Amino acid sequence: MEGLLIGCGTFLLIGLFHPLVIKGEYYFGTKINGAFLLGGFVFAGLSIFINHLIASILLGVVSCCCFWSIKEVKEQEQRVLKGWFPENPKRKEHYREKRAE
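Described in the following lines is the structure provided in the data block.

About the criteria used
Every chain is numbered independently, its residues counted from 1 as its sequence is written. Since the coordinates come from a predicted model, pLDDT governs what is reported: local features require at least 70, and pairs of side-chain atoms require 80 or more to be given and counted, while whole-chain, interface and lining totals use all residues. Remark: hydrogens and water are excluded; side-chain values derive from all non-hydrogen atoms of the structure. When two rings of Phe, Tyr or Trp (its six-membered ring) have centres within 6.5 Å they constitute a pair, described as stacked for plane angles under 30 degrees, edge-to-face for angles over 60, and tilted for the intermediate range. Under the scheme used here, helices are H or I runs from DSSP no shorter than 4 residues and strands are E runs no shorter than 2 residues, and both carry numbers assigned from the N terminus. In this analysis, two residues are considered to be in contact whenever any of their non-hydrogen atoms come within 4.5 Å of each other. Exposure categories follow from relative accessible area, calculated using a 1.4 Å probe and restricted to protein chains: below 20% of the type maximum is buried, above 50% is exposed, and the middle band is partly exposed. Throughout, an axis means a line fitted to C-alpha atoms (over the contacting stretch in the case of helices), and angles, computed between N-to-C directions, take values from 0 to 180 degrees. Should an angle fall under 35 degrees it is called roughly parallel, over 145 degrees roughly antiparallel, and 65 to 115 degrees roughly perpendicular, with every other angle called oblique. We place a 1 Å grid over just the protein atoms. Points where a 1.4 Å probe fits but has no way out form a cavity, open points with protein on both sides within 12 Å along at least 5 of 7 lines form a pocket, and any residue with an atom within 4 Å of a point lines it. Grid points are joined across faces, edges and corners, and a volume is the space filled by probe spheres set on the points. Side-chain classes are defined by residue name, with Ala, Val, Leu, Ile, Met, Phe, Trp, Tyr, Cys and Pro counting as nonpolar, Asp, Glu, Lys and Arg as charged, and the others, Gly among them, as polar. What makes a nonpolar core is a set of buried Ala, Val, Leu, Ile, Met, Phe, Trp, Tyr and Cys residues whose side-chain atoms join them at distances within 4.5 Å.

## Things to note about the packing of aromatic side chains
The tally for this structure, following the rule as stated, stands at 3 aromatic pairs. A centroid spacing of 4.9 Å and a plane angle of 85° characterise the contact between Tyr-26 and Tyr-27, whose relative ring orientation is edge-to-face.

Listed below in structure tokens is the structure:
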């Protein structure tokens, strides 16, 4: 049962991080990467110090999701620039500068 629980938890966590990346880039741009980096280290540390196996594994998965999200935010910005996702109207100047590069 533990393997199934970990697999389902991992699946749900990965699914949770997709909208976090999309919304994070929309509202904060690549500045959100600092939060993902900090979260990755915090959850990795918690994973090391938690003695419960399943909780430790799932915290490790959250940590890896945070670290992976840093890469995904950069790619999400590129998807926005291509027009695949909506731009935040409050950040039009940022996107204009990125397109000029």
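## Description of the side chain of Ser-56
Counting through the fold element by element, Ser-56 comes out in helix α3 (residues 53–81). Aside from chain neighbours lying at most four places away, what touches Ser-56 is Ser-47 and Ile-50.

## Comments concerning the side chain of Asn-33
Along the chain, the position of Asn-33 falls in helix α2 (residues 33–49). Judged by its relative accessible area of 11%, Asn-33 falls in the buried class. Filtering out sequence-adjacent residues up to four positions away, Asn-33 remains in contact with Ser-69, Ile-70, Val-73 and Lys-74.

## Quick look at the packing of α3 against helix α4 (residues 92–100)
One way to put it is that α3 packs onto α4 with a least axis distance of 11 Å and a crossing angle of 90°. In terms of orientation, α3 and α4 fall into the roughly perpendicular class. On α4, the residues that touch Glu-77, Val-80 and Leu-81 of α3 are His-94, Tyr-95, Lys-98 and Arg-99.

## Notes on the layout of surface pockets
In this structure, the largest pocket encloses a volume near 160 Å³. What lines the largest pocket is Ile-14, Phe-17, His-18, Val-21, Ile-22, Cys-65, Trp-68, Ser-69, Glu-72, Gln-76, Arg-79 and Phe-85. Those elements giving two or more residues to the lining of the largest pocket turn out to be α1 (2–28) and α3. When residues of the lining of the largest pocket are assigned to their parent elements, the largest contribution, 6 residues, is made by α3. Of the residues belonging to the lining of the largest pocket, the class tally is 7 nonpolar, 3 polar and 2 charged.

## Quick notes on the nonpolar core
Core analysis: the biggest nonpolar cluster contains 11 residues, these being Leu-13, Phe-17, Val-21, Ile-32, Phe-36, Val-61, Val-62, Cys-65, Cys-66, Ile-70 and Val-73. Every element with two or more residues in this core is listed here: α1 and α3. Here the element with the most residues in this core is α3; it accounts for 6 residues. In this structure Ile-70 touches Asn-33, Phe-36 and Leu-37, once residues within four positions along its chain are discounted.

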